[in-house]
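Chains, contacts and geometry: an overview
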Amino acid sequence: MALVGAAFATVTASLPAAAVADAGDRGHHPSDRGLSAVIRYTEYGIPHIVAKDYANLGFGTGWAQAADQVCVLADGFVTVAGERSRWFGADGAPDGSLSSATRNLSSDLFFRGVRDAGTVEALLATPAPAGPSRPSRELMRGWAAGYNAWLRKNRVTDPACAGAAWVRPVTELDVARRGWAVSVLGGQGRGADGITAARPPAAPGAPAAGGPSAARAAAVPETPDPDRTAEAARALFAAENATMGSNAVAFQGSATANGRGLLLGNPHYPWQGGRRFWQSQQTIPGELNVSGASLLGTVPVSIGFNDKVAWSHTVATGVPLSLHQLTLDPADPTAYLVDGRPERMTPRTVTVAVKDGAPVTRTQWWTRYGPVVSGLGPQLPLPWTATTAFALNDPNAANLRASDTALGFARSRSTQGLVDTLRRTQGLPWVNTIAADSSGHTLFTQAQLLPRITDELAQRCSTPLGRATYPASGVAVLDGARGDCALGSDPDAVQPGVFGPARMPVLRDAPYVENSNDSAWLANAERPVTGYERIFGTVGTPRSLRTRGAVEDVAAMAERGRLTVADLQRQQFADRAPAGDLAAADTARACAAALAADSDGPEVCRVLGAWDRTMDAGSRGALLFDRFWRRFTATTPQAEQWKVPFSAADPVRTPNTVNTDAPGFAKALKDAVAELRAAGIALDAPLGQHQFVVRNGVRVPVGGGTEALGVWNKTEPVWNPAGGGYTEVAHGTSHVQAVGWDGGRCPVARTLLTYSQSSNPLSPHYSDQTALYSGERWVTSRFCEKDILRSPELRIVVVRG
């Protein structure tokens, strides 16, 4: 304790008493002069960062993130600089963490356009509450200085970027751009390819701007088919197709052993790349003390807990964009009509440097609604013809407030404090919030920033295409030629054109609140949430198997009562497969007929019948059912998968009774058996023998199961039969926290970062928590000083500029 006290006293004595100058006064170039922090590392490389103020806290956080993740971070800064083509080639693929661009060139054109337009600079200059607060800016300034100081004082050892010229110092503007990119992931970031590929149609006989590919696109003057586009939009925004998701549940004091709240957060995020979480505790004595996880390159804790309240986020069903169908001026396809009067589009010409090639120059086209977009992925084309184009509206392009939301959460003392923060900052772009506090309160809210598309507006202003897409997916396509179709404003909204907090779904103080990426409707099955607009999500529609299984589990837990943190831990690793409970017995019974001509049919049926219906690493028969079920659900229309259809009066238990008479049933079973045999995998092999990751040459078994099976502990693995089965995890369970309180000063918390703290294979913290995850073990959180100082692996580092 004397050592820590002396270190902290030395640091704080060296810090100026006055607040650090505003970052804008330094031209966005961070100085680390006078900045410092104390970092206490405990087991598994988790840093507990103590600093005097926000700039110094950012400094310590930037230093510690760089120490663990410098190559991943540097790669992301190349992305937001629009320089991937310069360093890695135009045709390479980004890691997908900061946009949906499929090639480096389109990523660069998008982000270079953002830079050239000064988009983020304008947001930084916007006064709070519409813009970021001073503490948020100080965090960003400090983070950049800390990252740069680490680079200056340390040698990069990670083979992924050791000696690479693209690992360079950054500015607070780079940090802000990265935060902005995270905010627009569901809007402009989703449309990056379409924004950068949009070209006006060529005049008759003239070559299309942009070369042959643009000419081919211009030669397709089709109007999108409403039904096909509606299905493509539904699939695009469907939870089962997402690379991010989550579960979270909060229990009220009435359901717990001591009358205090409980929270289990289980986000599902990518296991590789720049959308990973990173653990820390951040402390400014007397001001802030929070533990949890941040997305790489962002500064504050985004999901976590303090001594009074805990929260997690789940990816929400709200659609954070809208489309506006433009009626073009017959004389000029780069002008559009609003109330009969033409408005010219604004061209933004962007040039990108390319490795071993000439620079590439393209023009993007912007309207009052946002950029013209030629599609949202290859399945959802939005062709620019001589008469029509489509513009994408993304309100989160004006949202640089997520850090203020996170800071407000960190300083909150109750679920009410979270509600107050959300009303004040309105900074969450695409997530729900689930929370519990030490007084026994619970909270679910879908307080995300969404375009103000009311059902009335959609009914009045949708184009024929929008009349198909909006009910099916929540994607509005409004008539951009009508001024009376503007989005309008709510009086409590922090920016124009978005919903205010009073319009957002919320449920407070229910015995449990739970979300698994379906809409707000069944946050509690006994207290359905209704009355919200379609853009937020659906009411009275089928739930995913993961939602159904989760609601069954947590409702039973709440009914049983007297819950503790240990119950949350058991739920996380129960690995129950709801699809197995619904279909395994019937599948085993129908197996004999389906495999009548197969000599090994009896063995297949025996394995399916004996399966324990879990996706635990030791479960036998799990892999066989998994491979069958994936094939069956992928090839059989949803309406034909079950004999008992969905009923809104019984949404948790329907649909049910697998349709073993469906044409695809027998084929899926035969193909799954043949597939395992061809790979040399025994039908009753334990799952963990063939679902694993390899870290530094060591095979680490992994439990959990796919979205289609409905497993809480979600694992979306990569199938490689030649390599032994599932040999890597693409995305799934990431930073888990089980939190409660016992009346003392310290929260009772268990955490787990499944892919571990560092991406450097030479780090001792490259796979240590992955081994814990494999063994279904947890980290006991060290939140209070006495617990930090008792760590047998305590290591104190004083970092300075």
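Residues numbered from 1 in each chain as written. Predicted model: local features only at pLDDT ≥ 70, side-chain atom pairs only at ≥ 80, totals over all residues. Heavy atoms only, no water.

1. Section: the overall build of the chain
- A count of helical and extended segments in the chain gives 24 helices and 30 strands.
- Here the C-alpha atoms of the chain give a radius of gyration of 26 Å, agreeing with the 28 Å that 2.2 N^0.38 yields for 801 residues.
- Along the longest, intermediate and shortest principal axes, the C-alpha atoms of the chain span 80 × 75 × 55 Å.
- Partitioning the intrachain contacts of the chain with sequence separation of at least 6 by distance along the chain shows that 69% fall at a separation of at least 24.
- Of the roughly 28500 Å² of accessible surface on the chain, a fraction of 53% belongs to carbon and sulfur atoms.
- For the chain, the centre of its 76 positive side-chain charges and the centre of its 73 negative side-chain charges are spaced 4 Å apart. (Helix = DSSP H or I, 4+ residues; strand = E, 2+ residues; numbered from the N terminus. Rg over C-alpha atoms; globule rule 2.2 N^0.38 Å. Contact = heavy atoms within 4.5 Å. Areas by Shrake-Rupley, 256 points an atom, 1.4 Å probe, with all protein chains shown as cover. Lys, Arg positive; Asp, Glu negative; His and termini not counted. Charge placed at Lys NZ, Arg CZ, Asp CG, Glu CD.)

2. A look at the packing of helix α19 (residues 622–635) against helix α21 (residues 663–678)
- Look at α19 against α21: their axes get within 8 Å of each other, and the N-to-C directions meet at 135°. Between α19 and α21, the angle falls in the class oblique. Note that α19 runs across α21; the crossing there is right-handed. Taking contact as the criterion, the partners of L623, L624, R627, F628, R631 and F632 in α19 are, on α21, G664, F665, A668, L669, D671, A672, V673, E675 and L676.
- A breakdown of the residues in the contact of α19 with α21 according to their chemical character gives ten nonpolar, one polar and four charged. (Axes fitted to C-alpha atoms, helices over the stretch in contact; angles between N-to-C directions. Parallel < 35°, antiparallel > 145°, perpendicular 65-115°, else oblique. Left-handed = near helix turned anticlockwise from the far one by under 90°. Nonpolar A, V, L, I, M, F, W, Y, C, P; charged D, E, K, R; others polar.)

3. Focus: helix α6 (residues 134–153)
- The terminal C-alpha atoms of α6, which comprises 20 residues, lie 28 Å apart, in line with the 28 Å expected from a rise of 1.5 Å per residue.
- α6 sits mainly inside the fold: 16 of its 20 residues count as buried. (Expected span 1.5 Å × (residues − 1). Buried < 20%, exposed > 50% of the residue type's maximum accessible area, 1.4 Å probe, protein only.)

4. Remarks on the state of the cysteines
- Counted by the stated rule, this structure contains four disulfides.
- With its sulfur 1.9 Å from that of its partner, C71 forms a disulfide with C161. Since a negative S-S torsion denotes a left-handed disulfide, the C71-C161 link at about -80° is left-handed. Highlighted residues: C71 in helix α2 (residues 54–80) and C161 in the loop between α6 and α7 (172–183), separated in sequence by 90 residues. (Disulfide = S-S within 2.5 Å.)

5. Observations concerning unusual backbone geometry
- Of the consecutive residues A128 and P129, the connecting peptide bond is found in the cis state with omega at 10°.
- You can see P129 is positioned in the loop between α5 (119–124) and α6.
- Residue P655 is reached from T654 by a cis peptide bond, and omega for that bond is -5°.
- Within the element layout of this structure, P655 appears in the loop between β21 (642–644) and β22 (656–658).
- Its identity is not glycine, yet D356 carries a phi of approximately 55°, on the positive side.
- Relative to the helices and strands, D356 is located in the loop between β12 (346–352) and β13 (360–367).
- On the basis of relative accessibility, which here comes to 79%, the residue D356 falls in the exposed class.
- Despite not being glycine, D575 has its phi angle at roughly 60°, a positive value.
- Residue position: D575 is located in the loop between α16 (565–572) and α17 (578–594).

6. What about the sheet that holds strand β14 (residues 370–371)?
- The three strands lie next to each other as β12-β13-β14, forming an open sheet whose pairing is antiparallel. The open sheet has two edge strands with one neighbour each: β12 and β14.
- As paired strands, β12 and β13 are joined by seven bridges and run antiparallel to one another. Across the sheet, T351 pairs through a bridge with T361, a residue of β13.
- Packing of helix α4 (residues 104–117) onto the sheet brings it into contact with β12 and β13, and relative to β12 it is tilted by some 120°. (Pairing = 2+ DSSP bridges.)

7. A few points about the pattern of salt bridges
- Evaluation of the coordinates by the stated rule reveals 42 salt bridges.
- A salt bridge links E552 to R576, with the nearest nitrogen and oxygen atoms 3.0 Å apart. In this pair, E552 is assigned in helix α15 (residues 545–560) and R576 in the loop between α16 and α17, connecting sequence segments 24 residues apart.
- Its salt-bridge partner being K667, residue D671 comes within 2.7 Å of it at the nearest N-O pair. Pair noted here: D671 and K667 are both in helix α21, with a separation of four residues, about one helical turn.
- A network of salt bridges, in which partner residues are shared, links E83, R86, R112 and R168. (Salt bridge = Lys/Arg side-chain N within 4 Å of Asp/Glu carboxyl O.)

8. Some words on the sheet that holds strand β19 (residues 506–508)
- Read from one edge to the other, the open sheet built from ten strands follows the order β19-β17-β16-β8-β7-β6-β5-β2-β1-β30, with strand pairing classed as mixed. Each end of this open sheet is capped by a strand with a single partner; those strands are β19 and β30 (795–800). The mean angle between the axes of side-by-side strands here comes to 20°, regardless of whether they run parallel or antiparallel.
- Here strand β17 (residues 442–445) runs beside β19; their pairing, made up of three bridges, is antiparallel. Residue pairing for β19: L443 is matched across the bridge by R508.

9. A look at the nonpolar core
- With 167 residues, the main nonpolar core has V70, Y147, W180, F251 and I453 as its most contacted residues.
- The greatest single-element share of this core, amounting to 15 residues, is contributed by α2.
- Core analysis: the next-biggest nonpolar cluster, separate from the first, contains 39 residues, L595, L608, W611 and A672 among them. (Core = buried A, V, L, I, M, F, W, Y, C linked by side-chain atoms within 4.5 Å.)

10. Examining the pairing of strand β8 (residues 309–315)
- Burial analysis of β8 places seven of its seven residues in the buried class, which makes it a mostly covered element.
- Neither face of β8 is exposed, since V309, W311, H313 and V315 on one face and A310, S312 and T314 on the opposite face are all buried.
- With two bridges connecting them, strand β7 (residues 303–305) and β8 associate as antiparallel partners. Paired with G304 across the bridge in β8 is W311.
- Linkage of β7 to β8, two consecutive antiparallel strands, is achieved through a turn of three residues.

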